[in-house]
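A structural walkthrough
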Amino acid sequence: MNSAIGPQTKVGLIGLGLMGKPMGMNLLKAGFRLTVWNRTASRADELVAAGAKLAASPRELAANSEFLLSIVSDPTALEEVLWGQNGAMQSLQRGSIYVDSSTVSPTLARKVATACEERGVRFLDAPVTGGDWGAKKGELVFMVGGDAATLTEAEPVLCVLGKKWFHLGPNGAGQTIKLAMNLILALEVDALAEALALVTAAGLQGEKLVEVMQSSMARSGVLDIKSQNLLKGEYTPSFPLRLMHKDMRLALELAQQIHVELPATEAAFGTYSTVKEAAKEDLDYSAVMKFWKK
Ligand code: NA7
């Protein structure tokens, strides 16, 4: 169990959503012996066809994994796959490494770390940025909390999935940085939507604002990537609204726990909440623009 990680390593993957499925594909392409589990089993079909084994439960998966990776939607989902019926925690193997790449609260990451320590399992919280595009290309960026030596050991797996990883501190640190980063994205997109609403209400074309911004100091990645969604009113999920909304909620909860006021985030959260509550389908978070299109 303590031998260096390589293609012979038995890797388990829990969660085959927009992010998990392409990550699994990349692990298979790199030659890892991969077993997967997903709540909706049919989402594993493509990976099984490509050579992955399908486990009957998270528990069975963890029992057969030297390296476990999970990427599920939110804190409730993670608790479910770890401590629910046939959950993974009860069978995680002593000496194995467990990396969770879901975005959850730092408090939950620390709870998982404590439970892992009791079982002799080395745990890293390692949420990612890069979206489904980065997951497909194997170009994710990992924000890691936990033991530095464990991160070094995990690198042969991380380098298949991502292009960069940052060791940010003890368990929980990866999640804290991830929530802070998503706040910037959420507020930037909300600011862009608000500015476009103002410009169009004044009788001007939104494209004009974007054009000027793109050649000015205010140029940003968000502007380049999301402005087209906002202008066209097309919100196919790349980073779903429901997940950004969850991350804003987690960041506000964290702020409350550590007594920091985030008034702009609170205001933006209200706007995102209104759009989310009215949404009838799964939308990208750039759909915050709909607030002004009612
Ligand atoms: P998706 O595409 O919404 O996928 C979410 C995954 O989480 C998917 O495999 C779900 O299974 C699984 N899930 C959700 N709820 C549960 C419960 N209760 N039990 C077990 N499994 C569950 O999200 P992404 O892949 O875009 O994002 C994953 C994480 O990365 C998230 O934290 C983001 O914020 C960042 P399903 O297929 O629905 O049965």
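Scroll up a little and you will see the structure.
Below or above, wherever it landed, is the structure these notes cover. (Residues numbered from 1 in each chain as written. Predicted model: local features only at pLDDT ≥ 70, side-chain atom pairs only at ≥ 80, totals over all residues. Heavy atoms only, no water.)

Further remarks concern the overall build of the chain. Within the chain one finds 12 helices and nine strands. Taking 2.2 N^0.38 as the reference for a compact globule, 294 residues should give roughly 19 Å; the C-alpha atoms of the chain span a radius of gyration of 20 Å, in line with that estimate. Overall size of the chain, expressed as C-alpha extent along the three principal axes, is 65 × 45 × 35 Å. In the chain, the share of contacts with a sequence separation of at least 24, taken over all contacts with a separation of at least 6, comes to 67%. About 13,900 Å² of surface is accessible on the chain, with carbon and sulfur atoms providing 54% of the total. (Helix = DSSP H or I, 4+ residues; strand = E, 2+ residues; numbered from the N terminus. Rg over C-alpha atoms; globule rule 2.2 N^0.38 Å. Contact = heavy atoms within 4.5 Å. Areas by Shrake-Rupley, 256 points an atom, 1.4 Å probe, with all protein chains shown as cover.)

With 29 residues, helix α8 (residues 173–201) extends 42 Å from end C-alpha to end C-alpha; this agrees with the ideal 42 Å at 1.5 Å per step. Where α8 terminates, the next one or two residues include G203, which has phi positive at roughly 90°. (Expected span 1.5 Å × (residues − 1).)

What follows deals with the site of the ligand. What surrounds the ligand is a group of 20 residues, the closest being N38, T40, R43, S73 and K246. Separating an oxygen atom of the ligand from a backbone N or O atom of G17 is a distance of 3.5 Å. In the complex, the protein chains occlude 89% of the 790 Å² of accessible area that the ligand would expose alone. Among the elements of the structure, α4 (75–83) and α11 (241–257) are those that each provide at least two residues to the shell around the ligand. In terms of residue class, the shell around the ligand is made up of eight nonpolar, seven polar and five charged. When residues of the shell around the ligand are assigned to domains, at least three map to each of domain 1 (10–169) and domain 2 (176–293). (Near = heavy atom within 4 Å. Polar contact = N/O pair within 3.5 Å; in protein donor to acceptor, adjacent residues only side chain to side chain. Nonpolar A, V, L, I, M, F, W, Y, C, P; charged D, E, K, R; others polar. Domains from an automatic or database assignment.)

For the rest of this paragraph, the subject is the packing of α8 against α11. Interhelical geometry of α8 versus α11 gives an angle of 120° and a closest axis separation of 9 Å. Judged by the angle between their axes, α8 and α11 are oblique. In the packing of α8 onto α11, the handedness of the crossing is left-handed. Only M244, D247, M248, L250, A251 and L254 of α11 make contact with α8, whose side of the interface consists of T176, K178, L179, N182, L183, L185 and A186. Residue classes in the contact of α8 with α11 are distributed as nine nonpolar, two polar and two charged. (Axes fitted to C-alpha atoms, helices over the stretch in contact; angles between N-to-C directions. Parallel < 35°, antiparallel > 145°, perpendicular 65-115°, else oblique. Left-handed = near helix turned anticlockwise from the far one by under 90°.)

Moving on, we get to the packing of α8 against helix α12 (residues 263–278). One can describe the packing of α8 onto α12 by two numbers: an axis separation of 10 Å at closest approach and a directional angle of 65°. Judged on the interaxial angle alone, α12 and α8 are roughly perpendicular. For α8 against α12, the interelement crossing comes out left-handed. On the side of α8, the interface is formed by L183, A186, L187, V189 and D190, while α12 contributes A264, T265, A268, T271 and Y272. Of the residues assigned to the contact of α8 with α12, the class counts are seven nonpolar, two polar and one charged.

This next bit is on the pairing of strand β2 (residues 33–37). Counting buried positions along β2 gives four out of five residues, so the element sits mostly inside the fold. Looking at chain direction, β2 and strand β3 (residues 53–54) are connected through two bridges and run parallel. In the strand pairing of β3, V36 is matched with L54. (Buried < 20%, exposed > 50% of the residue type's maximum accessible area, 1.4 Å probe, protein only. Pairing = 2+ DSSP bridges.)

Right, let's get into the nonpolar core. Among the nonpolar cores identified, the biggest contains 33 residues, and L27 and F67 are the most heavily contacted of them. Elements with a contribution of two residues or more to this core: β1 (10–14), α1 (20–29), β2, β4 (67–70), β5 (97–100), β8 (140–145) and α7 (148–161). By residue number, the principal contributor to this core is α7, which donates six residues. With sequence-adjacent residues up to four places away left out, F67 is seen in contact with I5, T9, K10, V11, G12, I97, V99, A154 and V157. Ranked by size, the runner-up nonpolar core spans 30 residues in total, among them L252, Y272, A287 and V288. (Core = buried A, V, L, I, M, F, W, Y, C linked by side-chain atoms within 4.5 Å.)

A few words on the packing of aromatic side chains. Taken as a whole, this structure holds three aromatic pairs when the rule is applied. For the pair Y98 and F123, a centre-to-centre distance of 5.1 Å together with 45° between the ring planes defines the contact as tilted. You can see Y98 sitting in strand β5 and its partner F123 sitting in strand β6 (residues 122–125), a full 25 residues away along the chain. Looking at Y98, the relative accessible area reads 0%, which means it is buried. Relative to W292, the ring of F291 has its centre 4.9 Å away and its plane inclined at 70°; by these criteria the two rings are edge-to-face. The ring centre of W83 lies 4.6 Å from the NZ or CZ of K111, which sits over that ring. The side chain of K178 reaches across the aromatic face of F239, ending 6.0 Å from its centre. (Phe/Tyr/Trp six-rings, centres within 6.5 Å; stacked < 30°, edge-to-face > 60°. Lys NZ or Arg CZ within 6 Å of the ring centre and 35° of its normal.)

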